[in-house]
Structures are given as structure tokens and as C-alpha cells.
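Single-letter residue listing:
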Amino acid sequence: MSNDPMLEMFIFENMQLTERLEEILIEGEQLGALAEEHINEIFRVMHTIKGSAAMMDFVHISKLGHSVEDMFFYIREHNDAKPDWPVITDLCLESADFFKQEVAKIQNGLASDGNETPILTRIEEYMRTLTGAAAQTTAEKEAPEPSSPADSLLQETTRGANVGNCYRAQVYFEDGCKMENIRAYQIVNTLLEHMEYIETVPADLLEDCSDQIEKSGVIIRMYTDEPIEQIRAIISEALFVKSFELMAEAAAPSPNEEDAAAHVSPPDTGAEAPASEAAYSITGGDAPPTAEPDTPTASAAVTAPAKAPPAVQTEAKQSFISVNVDKLDRLMDLVGELVISVSMVVSSPDLQGLQLDSFEKAAGLLTKNTSELQDVIMSVRMIPVSSTFHKMSRIVRDLSRKLGKDVDLTILGEETEVDKNIIDNLSDPLMHIIRNSMDHGLEDDRQARIDAGKPATGKILLEARNSGSDVIISCTDDGRGLDRNKIFAKAQKQGIVNKPECEYTDKEIYNFIMLPGFSTNEQVTEVSGRGVGMDVVKKNIEKIGGNVLLDSVPGAGMTVTIRIPLTLAILAGIEICVGKNYYIVPTLNIRESFKPDMRDIIIDPDGKEMILFRGECFPIVRLHKLFGVQTEVSDFSAGIMIMVEDEGKMTGLFADDLVGEQQIVVKPIPPFITKRIGQIRGVSGCTILGNGNISLIIDVKSLTE
């Protein structure tokens, strides 16, 4: 993608607006109609998409946005209109898909060359039905395309001759916000909806005038019948506005009046503006007339203007700013290095045995401040799962139509926050889970659901909640559930099973469906049947350090539970020692640690060691044997047993001793090591300890498997 900040802003803004558009449309479809506030919001969304696309010279996106905006303008202005909401929803969602496809092309550095004409034609055909007018189709229109985004704006916003009241605003932007001219242009673009005529200083906001606006602000003179309160609200809600001054001036009369027109003074910039900075007509309409200097009425108007309210100085504090995620990643890396540096200073062996009260006090304060800084930086990267969850509403809606099933999606806990990098990897797994529930889980026959005592409409519950340092996301449907016998028979056929069915638990058999190529569908359809869906779920979730669990009640439905860490960069761990080496076990995997009793140690006929823990037997992994480390602690009574769990499977890790708990910065195993000796079994990464030594992080998942 280009490093052009304007292009990045366009992509980010349009992705956000398109998602919001889909949310409103899906909500309106569920209610059966769009409420007035939804119509107004869609109108504003389309107006913004249209304006920003025109500014960036993506004319085809702007055309489609303008067409949808016109449709909602007509609905908003004509109370007697009888809109066909299902048709409108389909047209708008198709338009949203077009916007997303084009923005994706732009983001990937490709040409935005989509053909908007088919959608435009269908919108215009529907508008003829809605209005009863014989409108031209897009193919029949011969109006020339605007030569530039500014020209497009000039042509489409020309107003009538009656200029109404006159207001003058001088707007200042926050220091360092950059692209002040574009931000001023966006304000003017929003004001155009309510204005008869607008002029600005600097004249052409699409030219490079950011330095001038940063120093002196932008002056906007506007003529409208709207109240000053509405103008104040529009400016105060704009992004990065630091302050602005808004006042009413003497209104210019209509050009149709026979009386001589009042002279409108040029904007007062505090200095005489050069000729090149004359007021610029944004609308392209006729400027308010200026009377000849020797006209008596004009002279009177200049010397005795109508009284205007005093200027209102408004501080519009901006609560949010957009930050490139690469900068946040870099900041998180630096904080991670800072955590390591603080640990190295505080735990330096050179300080052992020294009485340094002042140093210890300062070190304690440094550790406290570093920990708070770490928490703040992590919180900055945290975003709610709502954006990902609401995308599922569209998937449920489309699949409901394709499969002919009535389904209600309920979302809970959408305000739950996780790390930005984890959010990016959640969308695909959730999509596969939803598709699986829609196709496999929910019954095809409405009557069969009713006979089973269920509502005719299927239910899917998507929920997120916090659990300690993890986030748990679950997707539950009230369908037919998993068929244990059918799954086991398929597993036998594929040669997956290696022991009798009676020795498998239900969850172990259910987990077969997450193996590559496993599917119980007899027919391959467009939706499923290729055995790649749940396999993708498992791999993507494991890639971000999480795990997936399946549970089902035959005839009542299935639940897929995803457990993921809040963040991947820094995690809590328990440091253990084995011989002269130190290892880190993630705290979230530890269930209990204790000195083992020899009476609980069991050796099976194959010579494998097991431990009896809470009435069940679990395998034991001696870490010194696993990693080939020499140690004097070989007797169970002299060491420590750490019970770890992953995906419901538990294992006992035997080590020499526990050292303590600490926050660790996760580092990958260097490529030159993995290329030479391959992936190290039982190791997921490494970290740097306070003494500067490198410690390996135990991969609990591979040991429990």
C-alpha cells in the first residue's frame, strides 16, 4: 500500500464507514424498516464516502455513493414515499460490497477499476419505481465526467440564488495533526449539505496550503438559512479541531431584489490578503452580489451594517486520534526491551549482598513506573471485538438466504477488548464456525425443529468475556448437535483412531472434526463439505497462542469455545530451574505445583511414569530428560511437580525447583537455530531474564499432546 497519508486516511475511514453501513442495514432488516435516525446516518455515511472518494479522484466510488445518497435523500424528504426496505437493503449491501472490494484493491496497490454501472442501473430503476418518474439510466446519461474532484464538488452542490444569512468561521486545528488543508476541506464538504454558498481563505484547499492554515487557521464564509447552532455543531464535531470562532455577519440580499445589494467585506485575516488568496467559491453558484462603491445604499450598508451577535470562541477538544499500528508495534517492542532492561538492572549480580537502600527505593519506583507504562501501552493496543462480531451478522444474513434457514444471531460481550494483532486473526475462524453452525448444526426442516420443541427460527449466540489474562469467545447454536457415532465411523474410515471407541471421551471424538480433511458431509456444497473449515479454525487460533474446545449435546446444539490471550507480546510466567538451566512455564497453563508423594507415582507396563492427581492418572515429563540437561535432582521427593493443562489435557512437568513469577517478553527462536536443528520439541519461544541469560519458554501444548 502507498505511504501517502491521505490515501491511508481514505482507506481507514471508508473501511469504518462501510462496516457501520452494514451494521445499520442488518439492524434495520431485523426490525423490518429503517428508523429516521438510521436514514439520516446512512445519508451522512454515503455523503462522506462520496466526498472523500471524489477528493481522491476515485470517480466510480463517488458516483455510486452519490446514487445511494440520492435514494436516501428522497426517502428522507418525502414522507409519503413507500420504500421497499428489502430491495433497498439488498442494493445498499451490494454497494457496500463494491466499496469494500475497491478499497481492498487500493490497499493492495492495485488499480481501482470496478464497474459500478450495473449497481447504478438497478438503483436508478428502483428510483423510477419509488418516484414514478421516467429517469435516465446511467448508460443514457451523457453528462461529461468532472475533470477533478473539486470540479465534481462544484457541479453537484450548486445552490439557488437566495443566499440567506451570512456567517463567518475561523477554524484552528490541533498542533501536529498534519494535512490541515484536507481537514479543512472535509469540514467544508460537510457544511455544503446545509449551505447556499461558501467561500474560503485560503482559496483552493486542495492545494498545498497546510502551513498557512496551521499558522492562521482557515476562514470559512457561508450563506445559509440554517441556524448558527447547527453550524457550530458541525464544526465542533470535526476531527482535530482545536478551536474556532463563529459569528454572524450582515446577510446579503437576494440578487433578484431590485434594491442595491449590500457590500460583503472580504474575510478579515488580520492582514491584507494577496490577490491569489481571494475568497474561493466552493459551490460554483453565483457569489453574493457586490454593489458598486458609489451606490448610496451600498455605502450605507458598509458604514452601518446590521448588528451581529458577538463572536463565540469555542474549544472543541478532540477525544480520539488515529495512529498507525506500526508505530504501536514499535512502541510495544520498546516497552518490552525496557522491561528487560529494568529487570537486568534490578537483578544485577554485581549488586548482590550490598546494602543500597537509596538504590532499592529508586529501583522500586522505576519498576512501578515501568509496569504502569506497560499497562498503558497494552491498553492502547486493545480494541473491542465488536467490529469483528458485527461482521458475522452479514454472514448469517447472507447464509440464511442461501440455505433457506431462518436464523437469529445474538451478540453478547461485544465491548470485550483484546490486542489488535489478535483481532486481525479472529475474523476467519469465527466465519468458519458460523458457517459450520449454519450448514451442519441448524436443522433444514422448520417442522422438525418445532416437533423437537424448538422455535422455528434457529438461534446462534456469539459471546465474549474476560477470564483472568485470557479472553473466552464462544459460539453456541441450538441445532442438532454433533453425532458421536457418525464422527467416529468417519474417523475409523480415514484411519485416524488407534484405540477402541469406548476408550475415547466425547470431547476427544468431537475434536476429530478439527483434523485436516475431516468432514461428515456426504456432498460438497458451496458452503461446506471439503473438510477445511474447522481445520483452519484450529490452526489460526493456535497461531495466536489460543486453543479451541468443542462441546455438544445431541439434539440440543453445539458450543465452540475459543480461549485466547489478551496479548501476545508480554505474558506472565513461572520461572523454574532444571540443573543449571532456567525455563519459563506460562502461568495460564499451570493448574497446581507441589512436592509429589512417592505413593502417587505409578509406572505402567510400558515403563512410563504417571502421577495420580485428584483421582486421575496423568503422564509425567521429566524436563531434564526432555532437554538433555544434567541435574542432581532425579528423585521425585527432591524436586517439584508442576501440573499443566492445555485443551483439557493435563501433564505433570518434573523440575528441580520453582524460582518465581515474572513478566516476560516473548521472543521467537532465532531463525539460524531453527534452520540448523529444526523446531525444538517442547519449546515455543525464548525470553531474556533479568541477569541477561536467555530462558526457553515451555510449549505446554506439544507436551500435553
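Above this note sits the structure.
The model shown is predicted, which means the values in this text are computed figures rather than measured ones. (Residues numbered from 1 in each chain as written. Predicted model: local features only at pLDDT ≥ 70, side-chain atom pairs only at ≥ 80, totals over all residues. Heavy atoms only, no water.)

A. Quick peek at the sheet that holds strand β8 (residues 407–412). The sheet built from five strands is open, its strands ordered β8-β10-β11-β13-β12 with mixed pairing. Looking at the sheet topology across the chains shown, the edges are occupied by β8 and β12 (547–553). Each adjacent strand pair in this sheet contributes to an overall mean axis angle of 15°, direction not counted. Its contacts with the sheet place helix α13 (residues 386–403) against β8, β10 (458–467) and β11 (470–477), and it is angled at close to 175° to β8. Sitting on the sheet, helix α15 (residues 427–441) is in contact with β8, β10, β11 and β13 (557–565), with an inclination near 20° to β11. (Pairing = 2+ DSSP bridges. Helix = DSSP H or I, 4+ residues; strand = E, 2+ residues; numbered from the N terminus. Axes fitted to C-alpha atoms, helices over the stretch in contact; angles between N-to-C directions. Contact = heavy atoms within 4.5 Å.)

B. Main features of the environment of Thr-131. Of note, Thr-131 is situated in helix α5 (residues 117–131). Here the alpha-carbon distance between Thr-131 and Ile-75, two residues 56 residues apart in the chain, equals 9.7 Å. Within the structure, the side chain of Thr-131 is placed 2.7 Å from the backbone oxygen of Met-127, a separation counted as a polar contact. (Polar contact = N/O pair within 3.5 Å; in protein donor to acceptor, adjacent residues only side chain to side chain.)

C. Focus on the side chain of His-47. With respect to the helices and strands, the residue His-47 is situated in helix α2 (residues 36–55). Residues contacting His-47, with those up to four places away along its chain left out, are Glu-69, Asn-189 and Glu-193.

D. Expanded view of the sheet that holds strand β18 (residues 609–613). With respect to topology, six strands assemble into an open sheet ordered β16-β20-β21-β19-β18-β17, the strand pairing being mixed. In this open sheet, the two edge strands, each paired with only one partner strand, are β16 (590–594) and β17 (601–603). Sheet twist, expressed as the average angle between the axes of neighbouring strands with direction ignored, equals 35°. Pairing geometry for β16 and strand β20 (residues 640–646), over four bridges, is antiparallel. Bridged to Glu-592 within β20 is Met-643.

E. Examining the packing of aromatic side chains more closely. All told, the structure shown has eight aromatic pairs when counted by the stated rule. Seen from their ring centres, Tyr-504 and Phe-512 are 5.7 Å apart, and the 65° between their planes marks the pair as edge-to-face. Note on Phe-512: relative accessible area 8%, which makes it buried. Of the aromatic side chains, those joined through ring pairs into one cluster are Phe-488, Tyr-504 and Phe-512. One residue, Arg-76, lies across the ring of Phe-43, its end atom 4.1 Å from the ring centre. The lysine or arginine in question, Arg-622, covers the ring of Phe-636, its NZ or CZ lying 4.2 Å from the ring centre. (Phe/Tyr/Trp six-rings, centres within 6.5 Å; stacked < 30°, edge-to-face > 60°. Buried < 20%, exposed > 50% of the residue type's maximum accessible area, 1.4 Å probe, protein only. Lys NZ or Arg CZ within 6 Å of the ring centre and 35° of its normal.)

F. Just the side chain of Thr-18, in detail. With respect to the helices, strands and loops of the structure, Thr-18 is situated in helix α1 (residues 5–31). Judged by relative accessible area, Thr-18 falls into the buried class, the value being 2%. Not counting the four nearest positions on each side in its chain, Thr-18 is found in contact with Ile-49, Ala-96, Phe-99 and Lys-100.

G. Representation of helix α12 (residues 357–381) within the structure. Between the first and last C-alpha of α12 there are 37 Å, a value that for 25 residues agrees with the 36 Å anticipated at 1.5 Å per step. Inspection of α12 places Ala-363, Thr-370, Gln-374, Ile-377, Met-378 and Arg-381 among the buried residues, and these make up the whole buried set. (Expected span 1.5 Å × (residues − 1).)

H. Fine view of a nonpolar patch on the surface. A contiguous nonpolar patch, built from Val-345, Val-346 and Phe-359 and spanning about 210 Å² of accessible area, is present on the exposed surface. Relative to the elements of secondary structure, Phe-359 occurs in helix α12. (Patch = residues over 30% accessible without salt bridge, like charges linked within 9 Å, V, L, I, M, F, W, Y side chains within 5 Å. Areas by Shrake-Rupley, 256 points an atom, 1.4 Å probe, with all protein chains shown as cover. Salt bridge = Lys/Arg side-chain N within 4 Å of Asp/Glu carboxyl O.)

I. Representation of the nonpolar core. Ranked by internal contacts, the top residues of the largest apolar core, which has 45 residues, are Ile-473 and Ile-564. For this core, the leading source of residues is α13, giving five residues. Ignoring any residue separated from it by four or fewer positions in sequence, one finds Ile-564 in contact with Val-418, Ile-422, Leu-426, Asp-470, Val-471, Ile-473, Ile-541, Ile-544 and Gly-546. Counting residues in hydrophobic clusters, the runner-up holds 42 residues, among them Ile-26, Ile-39, Met-71 and Trp-85. (Core = buried A, V, L, I, M, F, W, Y, C linked by side-chain atoms within 4.5 Å.)

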